[in-house]
Structures are given as structure tokens and as C-alpha cells.
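# Examination of the molecular architecture
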Amino acid sequence: MNALESQLDYVFGEQLPEPGAVIEVAPGVRWLRMVLPFALNHINLWLLRDQVDTPQGLREGWTVIDCGIATEATRQAWETVFANELDGLPILRVLVTHCHPDHVGLADWLCRRWQAPLLMSTGEYAFARVMSAALPGAEGTAATPHFRRHGLVDPEVVATLQGRNSYYQELVPAVPVAYVRLQDGDSIRIGGHDWEIITGFGHSPEHVSLHARSLGVLISGDMVLPRISTNVSVFAIEPEADPVRLYLESLRKYAHVAADILVLGSHGKPFRGLHTRIAQLEEHHRLRLGEVLEACATPKTGVDILPVLFKRALDTHQLSFALGESVAHLHMLWYQGKLRRSLDADGVYRFVAV
């Protein structure tokens, strides 16, 4: 546990759900974990005890929060959960916090498997459909010229990234053709509790967190994580984005949430200390922005900023997110007028302090 983590209260200590099993973290709220085949090696998913009105009458069952990636290992883990952890009840609804593969990957399979509706925000649903369909500009080939403009010219690294052109489609082969909209400020009734919808930006187009005041639970998705900082990147489909600003502004939307709320993030362990963690994240970005500004005393590309922000070796999966985040920090300083951007003769953007 690092110094920042020690300021948080990990309610369940080192306890983790076994594969295919659950831990009840609050009345009617069950925690399960699915493995991921990259450095961030797990995702937390949630089962909420639920009941819904249907033409056939009131049905008892579960609402699933997030789905895992579309792999056979994840499907088999789900089948074990279905057999052992649902108390013989069905999945009634599938709610996805955002469009990233580890969250939406098996949504179509789950919805078909249980004849259950998909619930998402419009921004996340639309983006998932666009990415899964590999529409021009959203498919993997768009990443190469985007990152080249920010200094990624190493032929070997470029070739490795090009080998991931169908990455999203492999992990999210399909998205349901219809959905139920979740919208900021609304609430949804799940399991006898009203869950307030809080949307956030910067990490993804319209990320949904769920806050049940009466239950004392916040399902924060990827917006507030206990151990790592949420990735905020500039990607090819929105090359002029300012995601760090959007993310920091979004964190203010949790100001009304109780200080002792149980935070259920998508990675790491459940904890208490929401406002402490938000202050840590704000300070993290303040320090990183200061380091980037200092580095730009001479012109720098996004690639030049990588070792400023990331002190460890990066694999291919991490590199695209890290470079996207480097550009994001440059963009915030650029939009603030603290950096000047130029497109040089080699077709590469460079940023320098004003």
C-alpha cells in the first residue's frame, strides 16, 4: 500500500472475490471480478438485487453493472456466476457505465442470453456502436497518423500499433441494437433504492456513475479509482480534445456525495474516503501539469513528454493510452494559453512554453 492509499479505508481489507464467485458488499449488492489479458489485469463488476414491472407482473432478479471483455474465459466465468450466485433468479437488466471494452464487451451476449435490455448514456452507447462497427476514423488505422503527428515515428513501434487495428472489435464484437437512455441528474430505481445518475467526461464520452444515498453506495466506474489515476487521453477521433479539464470538472460533481460513502470502482478494491481520493487526483494532475510545463521550456512533442509522466517501461497496450494522456496534458496547458503549439515541417506538433 502506497502513502496515498493509506489515507483510504479499504473496507474489506485484502479480501477479493474468487473467480466465478461473489462477495456481498452492501445489502443486495454483490461484487465479482473478471480477468483482463493486459497490465490492468481485472475489472470489478456488480450485481444489484432488483425487481421490474413487466406485462406478466413483477419479476425478481438482478441488474448487472458492466460486463467484461468478449472472451471465452469471461463467458465461462459468467456461466459459473449464473449457476452458483444468482439464487436461481434471472438477469433483468444490463447497465454499462461506459463504452470501453472491459465494460461493454459482453453486453450483447448478456442481453441476448437473458433477453434483458441494455441501459447506457447516449454518448457511451453511440460511441460503442461506432467503434464496434469500425467506422472510418474510429477504427484502429486512424491511430497511426494521429500519434505520428505527436512524434511517434519509430517504425517498429508504429508497426506494433498497426497490428492492433481491430483491437476494439475483437473485444466488443457486437453491441445491442437498442438501449434505454441514462441521463445526468435522473435516477433509476434498482432494488428498492433510487440510484442517482452522475455523468462524467474526460475518460470517455458520457460516463455513468450511480449513487444510492439510502444505501450509502457509489458505483464510480472508472471515474474514481483507489490506486491508479483514471486515464484521460486525446485520441484520433477527437484530436483537439481537452480531456484533463473535462475530467477535473467532472470530479466536482461528486461534492454532494457523503464523505463516508462506500466507493465501488471498476478496478482496485472497495473503499471509503471519496473526497480524500478526489483531492489526491486533483493534486496528481496539478503536479503533472507543472512538470509538463517545465519540460516545455524547449519545444516538446507528445512522445517527448512520455518519460516526464511515466517513469516505467510501457508495453504496446499501455503506450497508446500513455501517449494519449501526454497529449491531453499538453492540450490543457495549450488551451490555457501557457503553451504555444506549432505544426513543424516534419508534420509533427511541438509545444513550447509561452
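The coordinates are above.
Report on the accompanying structure. Small disclaimer: the values here were computed from a predicted structure and weren't measured. Just so you know, the residues in each chain are numbered from 1, in the order the chain's sequence is written. Predicted model: local features are reported for residues with pLDDT of at least 70 only, side-chain atom pairs are reported and counted for 80 or more only, and whole-chain, interface and lining totals are derived from all residues. The basis for every side-chain value is the complete set of non-hydrogen atoms in the structure, without hydrogens or water.

## Some remarks on the overall build of the chain
Runs of H or I in DSSP of at least four residues are treated as helices and runs of E of at least two as strands, each being numbered from the N terminus. Counting its regular elements, the chain contains 11 helices and 15 strands. C-alpha atoms define the radius of gyration in this analysis, and the globule rule sets the expected value at 2.2 Å times the number of residues to the power 0.38. Here the chain has a C-alpha radius of gyration of 21 Å; the compact-globule value for 354 residues is 20 Å, and the two agree. Here's how the labels work: a residue is buried when its accessible area is under 20% of the maximum for its type, exposed when over 50%, partly exposed in between, all with a 1.4 Å probe on protein chains only. Out of the 354 residues in the chain, the part that is buried amounts to 53%. Here, residues are in contact when the closest pair of their heavy atoms is within 4.5 Å. Taking contacts inside the chain between residues at least 6 apart in sequence as the whole, the part at least 24 apart equals 65%. Note on areas: Shrake-Rupley, 1.4 Å probe, and residue coverage restricted to the protein chains presented here. Put simply, the chain shows about 15,000 Å² of open surface, and 54% of that area lies on carbon and sulfur atoms. Neither His nor the chain ends contribute to the count of charged residues, in which Lys and Arg are positive and Asp and Glu negative. Note on charges: their place is set at NZ of Lys, CZ of Arg, CG of Asp or CD of Glu. Across the chain, the 31 positively charged side chains and the 40 negatively charged ones have centroids separated by 3 Å.

## Some points on the environment of His285
Tracing the sequence through the fold places His285 in helix α9 (residues 274-295). Residue His285 is classed as buried on the basis of its relative accessible area of 0%. The sequence separation of His285 and Val208 amounts to 77 residues, and the corresponding C-alpha distance is 22 Å. Residues in contact with His285, not counting those within four places in the same chain, are Val232, Val244, Tyr247, Leu248, Glu325 and His329.

## Some words on the sheet that holds strand β7 (residues 180-181)
Strand order across the open sheet formed by seven strands is β1-β2-β3-β4-β5-β6-β7, with mixed pairing between neighbours. Each having just a single partner strand, β1 (23-26) and β7 make up the two edges of the open sheet. Two strands qualify as a pair provided that DSSP identifies no fewer than 2 bridges between them. As defined by bridge partners, strand β3 (residues 42-54) adjoins strand β4 (residues 57-65) across nine bridges and the pair is classed as antiparallel. Among the inter-strand pairings, Val52 is bridged to a residue of β4, identified as Arg59. Sheet contacts for helix α1 (residues 72-84): β2 (29-35), β3, β4 and β5 (91-95); angle to β2, the most-contacted strand, approximately 155 degrees. Helix α3 (residues 107-114) contacts β4, β5 and β6 (118-120) of the sheet and is inclined by roughly 160 degrees relative to β5. For every element, the axis is a line fit to its C-alpha atoms; helices are fit only across the contacting stretch, and the angle between N-to-C directions ranges from 0 to 180 degrees.

## Observations regarding the pairing of strand β8 (residues 187-190)
Residues Ile188 and Ile190 point to one face of β8 and are all buried, whereas Ser187 and Arg189, pointing to the other face, are not buried. The sheet contact formed by β8 and strand β9 (residues 193-200) spans four bridges and is antiparallel. Within β9, the position partnered with Ser187 by the bridge is Glu196. Counting the residues in the hairpin turn of β8 and β9 gives two residues, including Gly191, whose phi is positive at 60 degrees.

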